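Chain by chain, the residues run as shown.
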Amino acid sequence: MSNIIEIESLDVHFGGIHAVNNVSLEIKEGEIVTLIGANGAGKSTILRCIAGLIKPQGGTIRFGEEVITGLSPDKIVSKGLTLVPEGRHVFPNLTVLENLKIGAYLRKDNFHKDIDYVYSLFPRLKERHWQHAGTLSGGEQQMLAVARALMAKPKLIMMDEPSLGLAPLVVKDIFSIIRTVNENGIAVLLNEQNANMALKAASRAYVIETGSIALTGSGNELLKNERVKEAYLGKSKQ
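Model, not experiment: these values are computed from the prediction.

Topic: the pattern of salt bridges
Tallied over the entire structure, the rule returns 11 salt bridges. Note that lysine 28 is salt-bridged to glutamate 26, the shortest N-O span being 3.4 Å. Residue lysine 28 is classed as partly exposed on the basis of its relative accessible area of 23%. For the salt bridge of arginine 107 with aspartate 109, the shortest nitrogen-to-oxygen distance reads 2.9 Å. Using a relative accessible area of 14% as the deciding quantity, one classes arginine 107 as buried. Members of the salt-bridge network, linked through shared partners, are Arg107, Asp109 and Asp114.

Here we look at the sheet that holds strand β10 (residues 212-218)
Spatially, six strands are ordered β6-β7-β8-β3-β9-β10 in an open sheet, and the strand pairing comes out mixed. Among the strands making up the open sheet, the edge pair consists of β6 (81-84) and β10. Taking the axes of each pair of neighbouring strands and ignoring which way they run, one obtains an average angle of 15 degrees across the sheet. Sheet topology places strand β7 (residues 156-160) next to strand β8 (residues 187-191); five bridges connect them, and they run parallel.

Cut-offs applied
Position numbers for residues count from 1 along each chain, tracking the sequence in the order it is written. Given that this is a predicted model, residues contribute local features only at a pLDDT of at least 70 and side-chain atom pairs are listed and counted only at 80 or more, while totals for whole chains, interfaces and linings are drawn from all residues. Where side-chain values are given, they derive from all heavy atoms of the structure, hydrogens and water being excluded. Salt bridge criterion: a side-chain nitrogen from Lys or Arg within 4 Å of a carboxyl oxygen from Asp or Glu. Exposure is judged per residue with a 1.4 Å probe applied to protein chains only, and the accessible area is read against the type maximum: over 50% gives exposed, under 20% gives buried, and values in between give partly exposed. Pairs of strands are assigned from DSSP output, requiring at least two bridges between the strands. To qualify as a helix, a DSSP run of H or I must reach at least 4 residues; to qualify as a strand, a run of E must reach at least 2; elements of each kind are numbered from the N terminus. Every angle, taken between N-to-C directions, lies between 0 and 180 degrees, and every axis is a line fitted to C-alpha atoms, over only the stretch in contact when it is a helix.

Fair warning: the whole summary comes from geometry, so function is off the table for now.
Okay, here's the thing in structure tokens:
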């Protein structure tokens, strides 16, 4: 499999803080790759750099064969890369259907068949297509954020803390959907605090500590790693 994303020597500074320090990573077509680490480790910053929301001070980001470092977010979306942001950021005063249509705003083709596709993934959204997004539950809003990102027909979808603040049963639903999306040919990059669930879903993973890559390996390898168990999985998972 060829790389869909390749990052070389990424550096990001916020004032005197070295938020991302010489990070190099790759995602192959069809993979689920997860970033795990403590709050403030730099995981969200990496995703936001890829999405064009933050301009790095150094390094190169390639999407396929093309360098996308420094491109605007809309141009990056148009190339087939979308971000589901932390906190969902749905449009609360618009309906579910209107939120989905916004996800397809850059498309020139007929996207209506893809509305049926995302409704097949998220039946609850179909039931609530007329409802304002701000009245949905937290889990339903997360589903809407993912569905909206899928409306852009991405080759790679990034998800920033998709399980944050959700009940355990809803978290299981979200990870089931992540696997289904991936099985339908879309590569996935996760930033996820729930390291246990994320590593079980992931083809490969990177452990980010203070802006740098501390460990990398398959999801199964890191699930068994004693350092990862102690720091991120807890004694109950050992």
